[in-house]
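Chains, contacts and geometry: an overview
Here's the letter readout for the chains.
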Amino acid sequence: MKNRSLSFWLFVTPTLVALALVVFIPALMGIFYSFTNWDGLTYTTMLGFKNYITVFQDSGFLAALWFTVKFVVVTVILLNVIGLSLALLVTRKFKGNNLLRTVFFMPNLIGGLILGFIWQFIFTQVFDALGFSGWLTNQTTGFWGLVIVTLWQMSGYIMIIYIAYLQNIPTEVIEAAEIDGASPWQRFWNITFPMIAPAFTVSMFLTLSNGFKLYDPNLSLTNGGPYKSTEMLAMNIVNTAYSENDFARAEAKALVFFVIVGAISLLQVYYTRKREVDL
Amino acid sequence: MKIGWKKIAVMAMAALATTTALAACSSGSSSSSSSNGKTTISILQGKVEVNKQLKQIATEYEKTHPNVKITVSSIGGGTEYNPVLKTRISSGNAPTIFSLAGPADAKQFSAQAADLSKTKVAKAALPGTASAVQIGSKTLGIPFNIEGYGFVYNKEVFQKAGIDPTSIKTYDDLVNAVNTLNDKKSELGIKGVFALPGKETWVLSDHLANLYLGQEFNGNAKKMYDSKSMKFTANEEMKQMIDLQNKFSIKPVMQMDYSQQVNQYFSQGKAAMIQQGDWIYPTVEQIDKNFAKNQIGMIPIPVKGQEDKLPVGTSLYWAVNKKKSTKEQKAATDFLAWLYTSEAGKKDVVNKLHFVPAYKGYDNFKMADPLSQVVFDYSQRKATTGWAFPAYTGTSWDPNTFQPNLQRYLAGKQSWDKTVKNSIDGWKTQQNK
């Protein structure tokens, strides 16, 4: 407690004030508004838990939740598999591995909105020309379209995280295993894999929370269409607020969303942390 | 001594950071009042395509009215505009003049919108053009303009096929014309008779549905907005029209969006006609000026009992903020009156804003483009029907029930009967909430 001196508070206060102004106070106001009939300007009555009850009766919200969960499961698995594979590939010693790192990472530098539009063109025009017509016109192709865009965008980023951990593995450990006669697979599964467990914690957390919160590729690629079948949670909330002018119900949905994402992320971090090993 | 300096530096930095943060919050309000005798009126409006022209007109007005200063800001689209207006109202920086999109907006902003029924400009408006934003005896908005839609056609293609578009009055006439066009497709160089954008839900849910749903409400948005139920008796005719457009459209329908429909297909002569309105003119003009000027026309969509009538209506209305000072409110209504009723203003409305006027006293005017001219002619002849669809564009029924159901039918995922039933039931649930 010694370091909680004047300078400690002087450093913390500006951040705290800024955070309070843009995060804590709006969040508290949002919680309050979710119990009213707020329309973005005023509220006239307190509704109690009515908004929350309608959230769970809202078939659009439940469909969006289910669609998002499916999306998260698929992207978390594929992103980590692809990210790790790319990392293993580019950490091997061959000519041009640095170039490949840059290439794999590049899609991440393009914003999700623009990426969505680029891929929309690819799915509708290029795929059409190749004979795969009708992409993005039903739920299945819309779903895989979103998955492909997300993989394209995020794989390189996840790769970077794995690279950082892969390069931290002491070579002695690997060499010792080699001398002991471990096969390449044994070396990977028994040495490398446990050593990069912290990378899993980070990557899983990132892919999980990003998957739930995905909005811009959803907006630019399918905009929830056709017939709202590819609408994800974030988009459902935005539409409730802005196209239906039901800000209070959107607020309630957002809180439910927050609780779901928070709970799942915390659980995931808790469990993957347990598996980490210290050297 | 050294530590002392450090502490002071830290304190200074912290103080600076906090004050800038607070200052950023407190500034921005309490503007737009009168300073040195000038009255400042601020305009926030949702028709982003006339932003530049409106600013030019404001400058012109300031020259002849040196005591008034006008600032214009424009934000496009209903979903982007409303949040900005709400933010500006809650932050104390509300505009003097703002736009409303229909009955839902009128209700929502009734605490801000002044009653304009006694003003000169409201009296000049054509009868019925402001009915959608009237609450009781109060008129909360006056129309920007009137717009109309139908089948926008390619004159050259019709001529080559030997069809006189103005002779298409009934549904059967249309079917005959479509068959002829379809038979001569390769000869005419078109990819399809229609270009139906299946991605753009509003093309069916707003414009097409209005022709059939609007009938039971006399094309009156307010009447529909207040109605607890709907019958949708003409739904079978709507189905026919969707099927016809779908069957003879460039494929794949479900993949087509507005820009493909207008820019890629129609403007390049790949579709003989599209279901759109006079608002597409600037887009077509950008692609091919000559084509836009000479080669396009518009005919009404044939509807039983409403043959040769064009659906015209207003998508935006001007409202004046009643929370502003009387002086500022007067300056605002004076500006609107000048714009729509003075000789100089009228010219700007027609030639700069490219508006088809919703006001009296434009009899001798010629519209700036051929599509607007069609709308103007029909409205002068009073051969029009109304727009009922603004009744539902701001409600949850439209995006959550009507649009997805129509799209499901279009994609072949659901029967028409189910589509109609879901729509009627959904409307009932919403209106009785």
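Shown above is the structure to which this text applies.
As a starting point, this report considers the structure included with it. Given the structure is predicted, the values throughout are model-derived calculations rather than measurements.

1. What about the overall build of chain A?
- The helix and strand inventory of chain A stands at twelve helices and zero strands.
- Secondary structure elements of chain A, listed N to C terminal, follow the sequence α-α-α-α-α-α-α-α-α-α-α-α.
- Projected onto its principal axes, the C-alpha coordinates of chain A cover approximately 75 × 70 × 30 Å.
- Residue burial in chain A is summarised as follows: out of 279 residues, 31% are buried.
- In chain A, 75% of the contacts between residues at least 6 apart in sequence involve partners at least 24 apart.

2. Some thoughts on helix H17 (residues 370–380) of chain B
Residues and elements named next belong to chain B.
- The set of residues buried in H17 consists of Leu371, Ser372, Val374, Val375, Phe376, Tyr378 and Ser379.
- Those residues of H17 that are buried lie in contact with strand E7 (147–154), helix H13 (281–287), strand E9 (296–299), strand E10 (310–313) and strand E12 (384–385).
- Downstream of H17 by one or two residues, Lys382 has phi in the positive range, about 60 degrees.

3. Here we look at the pairing of strand E11 (residues 317–320) of chain B
Residue and element names in this part refer to chain B.
- Burial of E11 is two-sided: the residues Tyr317 and Ala319 facing one way and the residues Trp318 and Val320 facing the other way are all buried.
- As defined by bridge partners, strand E3 (residues 97–100) adjoins E11 across four bridges and the pair is classed as antiparallel. Looking across to E11, one finds that Ile97 is bridged to Val320.
- Summarising the sheet, strand E6 (residues 142–143) and E11 pair through two bridges and their orientation is antiparallel. From the neighbouring strand, Pro143 faces E11, where its bridge partner is Tyr317.

4. Notes on the packing of helix H5 (residues 112–129) of chain A against helix H6 (residues 139–166) of chain A
Residues and elements named next belong to chain A.
- Two elements in contact, H5 and H6, have axes whose closest approach is 10 Å; the angle formed by their N-to-C orientations is 125 degrees. Viewed along their axes, H5 and H6 adopt a mutual orientation that is oblique. Considering how the two elements wind past one another, H5 and H6 form a crossing that is right-handed. Where H5 abuts H6, its residues Gly112, Leu115, Gly116, Trp119 and Phe123 lie against Gly145, Val149 and Gln153.
- Of the residues in the contact of H5 with H6, the class split is four nonpolar, four polar and no charged.

5. A few points about unusual backbone geometry
- That bond from B:Lys251 to B:Pro252 is cis: its omega, -10 degrees, falls within 30 degrees of zero.
- Within the secondary structure, B:Pro252 sits in the loop between helix H11 (235–247) and helix H12 (258–266).
- Positioned with a positive phi, A:Asn223 is a non-glycine residue whose angle comes to about 50 degrees.
- Position of A:Asn223 relative to the elements: it lies in the loop between helix H10 (216–221) and helix H11 (233–242).
- Residue classification places A:Asn223 among the partly exposed positions, given that 19 C-beta atoms sit within 10 Å.

The rules behind each value
Residues numbered from 1 in each chain as written. Chains lettered and ligands numbered in written order. Predicted model: local features only at pLDDT ≥ 70, side-chain atom pairs only at ≥ 80, totals over all residues. Helix = DSSP H or I, 4+ residues; strand = E, 2+ residues; numbered from the N terminus. Buried ≥ 20, exposed ≤ 12 C-beta atoms within 10 Å, placed from the backbone. Contact = placed C-beta atoms within 7 Å. Pairing = 2+ DSSP bridges. Axes fitted to C-alpha atoms, helices over the stretch in contact; angles between N-to-C directions. Parallel < 35°, antiparallel > 145°, perpendicular 65-115°, else oblique. Left-handed = near helix turned anticlockwise from the far one by under 90°. Nonpolar A, V, L, I, M, F, W, Y, C, P; charged D, E, K, R; others polar.

So yeah, pure geometry; function would need other evidence.
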